[in-house]
There are 2 protein chains.
Amino acid sequence: MNDDQLHLIASGLHSAASQMLRIARRDDRDGGISAPRLSALSVLAFRGPLSLAELAAAEEVKAPTMSRIVEGLVKDGLATRQAEPANRRKVRIAATDEGRRRLAGGRERRVGALRERLRRLADSEQRALARGVEVLERALR
Amino acid sequence: MNDDQLHLIASGLHSAASQMLRIARRDDRDGGISAPRLSALSVLAFRGPLSLAELAAAEEVKAPTMSRIVEGLVKDGLATRQAEPANRRKVRIAATDEGRRRLAGGRERRVGALRERLRRLADSEQRALARGVEVLERALR
DNA sequence: AAGCAATTCTTAGCGCAGCTAATAGAGGGG
DNA sequence: CCCCTCTATTAGCTGCGCTAAGAATTGCTT
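Calculation notes
In this numbering scheme, every chain counts its residues from 1 along its sequence in written order. Both sets of labels track the order of writing: A upward for chains, 1 upward for ligands. Where totals are concerned, whole chains, interfaces and linings use all residues; where local detail is concerned, this predicted model gives features only for residues with pLDDT of at least 70, and gives and counts side-chain atom pairs only at 80 or more. Strands are runs of DSSP state E lasting at least 2 residues, helices are runs of H or I lasting at least 4, and numbering of each runs from the N terminus. Note on burial: count the other C-beta atoms lying within 10 Å of the residue's C-beta; 20 or more is buried, 12 or fewer is exposed, in between is partly exposed, and C-beta positions come from the backbone. This entry defines residue contacts through backbone-placed C-beta atoms, with two residues in contact when those atoms are within 7 Å. Any nonpolar core is a set of buried residues, restricted to Ala, Val, Leu, Ile, Met, Phe, Trp, Tyr and Cys, that join up through C-beta atoms within 7 Å. Put plainly, near means the residue's C-beta atom, positioned from the backbone, lies within 6 Å of the molecule or strand in question. Under the convention adopted here, Pro, Cys and the residues Ala, Val, Leu, Ile, Met, Phe, Trp and Tyr are nonpolar, Asp, Glu, Lys and Arg are charged, and Gly plus all remaining residues are polar. All copies are superposed by least squares; the fitting set is the C-alpha atoms of residues with a pLDDT of at least 70 in both. Under this scheme, a helix contributes an axis fitted over its contacting stretch, all axes are lines through C-alpha atoms, and angles between N-to-C directions fall in the 0 to 180 degree range. Between 65 and 115 degrees an angle is taken as roughly perpendicular, under 35 as roughly parallel, over 145 as roughly antiparallel, and anywhere else as oblique. Each helix crossing is assigned a hand: it is left-handed if the near helix lies turned anticlockwise from the far helix by less than a right angle, otherwise right-handed if that turn is clockwise.

Trainee: What am I meant to see in the overall build of chain A here?
Mentor: Looking only at helices and strands, one finds 6 helices and 2 strands in chain A. Over its C-alpha atoms, taken along the principal directions, chain A stretches across nearly 55 × 35 × 20 Å. Going through the 141 residues of chain A one by one, you find that 33% of them count as buried. Pairs at least 24 residues apart make up 49% of the contacts formed inside chain A by residues separated by at least 6 positions.

This is the structure:
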């Protein structure tokens, strides 16, 4: 495919992404976890305990930003933060059980509205979308 | 398709969207327009002059939020804001020529990295993605 | 005509997330 | 032992989201 066509796809993806997150954010207003916290928590749940620097890198965010996100998670009892015994400059951040539980609920809420929209599509469209997502995930990895 | 399958797609979409915007944000750090401003400006360029309420609705944002986004655009000379003659409570917000010019550059920067990633995909994958985006845009509309 | 209610936008003030710069605390090498 | 490096936090700025409250304009009603 030529550059213009690729650009068109990229542009469409970008605006669709913005719109999706707008929708998700709107549905988040009632008691959910904010997007950055949810995302960080999800990384902790998936990859296990991490240091601050590792978590910040995973989320492509600077250390001070992640420090405050973690602070929020800890305050809400969704994660723990303790000095690492081997090297006490480092911090071992881990998801709590409560964190893992709320993770499921949070994603559910955020993703729910999206799923409803997908449900209205024709079957062939749903399949096309599934395939597109698959490709997209590979492209981003 | 059943609920679980749809949920899987929605979940994949959501996380892909988060990741794309992280990438875009990272590439934005050098002199660009912020995502909300860029998006609002793009609506103005596409749909022509709008009132504040219309623009806020288009961006799924409350009026005060949009008021400040517009304030930033006006301060940077990317949009104009003038009372509407017919009903002077309303405000007519329009993109300036400079705004339209910067729009191209801003989108280019944000979308550029994405396009590079798409370029590495196989042709069939690119086509699948194009189709997926098409469907997605319909689903979100 | 005067006043009142509705509409439209802005202002005020709060929380969260991003950043850089500066600080604090722990480890390690001279 | 002192200094330098590494890791994380604190301080302080910008910007975006919200709600609540204010100001300006319009138009309806009396």
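Anyway, onward from the coordinates.
Trainee: Please explain the nonpolar core as it appears in this structure.
Mentor: Considering soluble globular proteins, one finds that nonpolar side chains tend to be buried as a cluster. Core analysis: the largest hydrophobic core is formed by 36 residues, its most contacted members being Ile9(A), Leu13(A), Leu129(A), Ile9(B), Leu13(B) and Leu129(B). Of all the secondary-structure elements, those providing two or more residues to this core are helix H1 (3-26), helix H5 (97-119) and helix H6 (123-140) of chain A together with helix H1 (3-26), helix H5 (97-119) and helix H6 (123-140) of chain B.

Trainee: Which parts of the structure should I look at to understand the protein's contact with DNA strand C?
Mentor: In the vicinity of DNA strand C there are 23 residues, among which Ser34(A), Lys62(A), Ser51(B), Ala53(B) and Pro64(B) approach most closely. Counting residues per element, the ones that place at least two in the surface near DNA strand C are helix H2 (35-47) and helix H4 (63-75) of chain A together with helix H3 (52-58) and helix H4 (63-75) of chain B. Here the surface near DNA strand C takes 5 residues from H4(A), the largest share from any one element. Taken together, the residues of the surface near DNA strand C break down into 9 nonpolar, 6 polar and 8 charged.

Trainee: Sorry, what's going on with the relation of the copies chain A and chain B here?
Mentor: Each of the two copies of the chain can be brought onto the other by a rotation about an axis and a shift along it. Turning chain A through 179° and shifting it by 0.2 Å along the axis lays it on chain B, with an RMSD of 0.4 Å. Those values place the two copies in the arrangement expected of a two-fold rotation axis. Most of the interface of chain A is mirrored in chain B, where 100% of its interface residues again form contacts.

Trainee: For this particular structure, what's the right way to read the interface of chain A and chain B?
Mentor: Quite often, the size of an interface is put as the accessible area lost when its parts meet. Listed per partner, the contact involves 43 residues of chain A and 44 residues of chain B. At the level of elements, H1, H5 and H6 of chain A are the ones that each hand at least two residues to the side of chain A that touches chain B. The element that contributes the greatest number of residues to the side of chain A that touches chain B is H1(A), accounting for 17 residues. Split into classes, the residues belonging to the side of chain A that touches chain B amount to 22 nonpolar, 9 polar and 12 charged.

Trainee: Would you take a moment to explain the packing of H2(A) against H5(A) for this structure?
Mentor: The description of two helices packed together rests on the angle between their axes and the distance between the axes. Residues and elements named next belong to chain A. Interhelical geometry of H2 versus H5 gives an angle of 125° and a closest axis separation of 10 Å. Taken together, the axes of H2 and H5 are oblique relative to one another. Between H2 and H5 lies a crossing whose hand is left-handed. Between H2 and H5, the residues in contact are Leu38, Leu41, Ser42 and Ala45 and Gly99, Arg100, Leu103 and Gly106, respectively. The residue makeup of the contact of H2 with H5, split by class, is 4 nonpolar, 3 polar and 1 charged.

Trainee: I'm lost on the protein's contact with DNA strand D in this one. Help?
Mentor: Near DNA strand D you find 23 residues, and of these Ser51(A), Ala53(A), Pro64(A), Lys62(B) and Pro64(B) are the closest. Those elements that place two or more of their residues in the surface near DNA strand D are helix H3 (52-58) and H4 of chain A together with helix H2 (35-47) and H4 of chain B. Looking at the surface near DNA strand D, the element that brings in the most residues is H4(B), giving 5 residues. In terms of residue class, the surface near DNA strand D is made up of 9 nonpolar, 6 polar and 8 charged.

Trainee: Which parts of the structure should I look at to understand the environment of Ala122(A)?
Mentor: All names here are of chain A. Positionally, Ala122 belongs in the loop between H5 and H6. A count of 10 C-beta atoms within 10 Å places Ala122 in the exposed class. Here the alpha-carbon distance between Ala122 and Asp3, two residues 119 residues apart in the chain, equals 30 Å.

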